[in-house]
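Chain residues, written in single-letter form:
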Amino acid sequence: MFEYISGKLASVTPATAVVDCGGVGYLMEITLTTYSAIQHQQDVRLWVHEIIREDAHQLYGFFSPAEREMFRLLVSVNGVGAATARMMLSSLTVEEVQDAIARQDAKLVQRVKGVGAKTAQRIVMELQDKVGLCGQLAVSGGQPLAVSKNKEEALGALVMLGFPKAAADKVLQPLDATLSVEALIKEALKRL
């Protein structure tokens, strides 16, 4: 029902955020990754996933559409609930989860609190094809994790400089992923 909610950040904790949108405060459960990205902002846009149960309507907010999509993939796995998916995305970045699934590294997934050996194996097996097919989440050419981190850090820096995330990401995609964070930023600034 909700795609995203934009507004003033009324309050934020490492587990929840309240976004004031048109005089209505929306309470959303968030990951630590999202908390780190929004904790010092006044105006935010959180990508939303809604879970409706008999006894509750819960909103989960994510700083990026990629994080929300990974959350949705994780909760699609039998035995993985919203709390476990949120814990995974608080413990690991989207890229680390993608990489673990692509390499069938169930041991990395199992390190997340609350994820046992069987659940970790199920996550890796069930999402192997889905992560590869999801355009925005696809592991980029089997690059090492450190290289992915460089692009992620460069993207974060460009967003902090005031560039729209989508535009910065589009400029960074074709760049050589082996460049340092600084070199990636400099090259992106030339193209923005």
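1. Concerning the pairing of strand 5 (residues 57-62)
Here is step 1 of the chain: In terms of residue burial, strand 5 counts as a mostly covered element, since five of its six residues are buried.
Here is step 2 of the chain: Inspection of the sheet shows strand 4 (residues 43-52) paired to strand 5 by six bridges, in the antiparallel sense. Bridge pairing in strand 5 links V48 to G61.
Here is step 3 of the chain: Connecting strand 4 to the antiparallel partner strand 5 that follows it, the hairpin turn spans four residues.

2. Some points on the packing of aromatic side chains
Here is step 1 of the chain: What the rule picks out here adds up to four aromatic pairs.
Here is step 2 of the chain: In textbook terms, an aromatic cluster arises when at least three aromatic residues are bridged by ring pairs, as seen for Y60, F62 and F71.
Here is step 3 of the chain: Directly above the ring of Y4 sits R45, whose terminal nitrogen or CZ lies 3.9 Å from the centroid.

3. Overview of the sheet that holds strand 3 (residues 24-30)
Here is step 1 of the chain: Taken in spatial order, the five strands of this closed barrel run 1-2-3-5-4, and their pairing is mixed. Direction aside, the axes of adjacent strands within the sheet are offset by 55° on average.
Here is step 2 of the chain: Bridge count for strand 2 (residues 16-21) against strand 3 is six bridges, and the pairing is antiparallel. Looking at the pairing, T16 lines up with E29 of strand 3.
Here is step 3 of the chain: Contacts from helix 2 (residues 65-75) reach strand 4 and strand 5 within the one sheet, and its direction differs from that of strand 4 by about 15°.

Parameters at a glance
- The numbering scheme is per chain: residues are counted from 1 as the chain's sequence reads.
- Local features in a predicted model are, by the rule used here, given only for residues with pLDDT of at least 70; side-chain atom pairs are given and counted only at 80 or more, and totals for whole chains, interfaces and linings are based on all residues.
- Heavy atoms throughout the structure, all of them, feed into the side-chain values; hydrogens and water do not.
- Relative accessibility under 20% of the residue-type maximum defines a buried residue, over 50% an exposed one, and the middle range a partly exposed one, all with a 1.4 Å probe and only protein chains included.
- Here a strand is any run of E in DSSP of at least two residues, a helix any run of H or I of at least four, and the numbering for each starts at the N terminus.
- A pair of strands counts as paired when DSSP detects no fewer than two bridges linking them.
- In summary, the pairing rule links any two rings of Phe, Tyr or Trp, Trp by its six-membered ring, whose centres are within 6.5 Å, and it sorts them by plane angle into stacked for under 30 degrees, edge-to-face for over 60 and tilted for everything else.
- Consider the ring centre and the ring normal. A charge sits over the ring if Lys NZ or Arg CZ is within 6 Å of that centre and within 35 degrees of that normal.
- Simply put, an axis is a line fit to the C-alpha atoms, just over the touching stretch for a helix, and the angle between two N-to-C directions goes from 0 to 180 degrees.
- Contact criterion: two residues are considered in contact whenever any of their non-hydrogen atoms come within 4.5 Å of each other.

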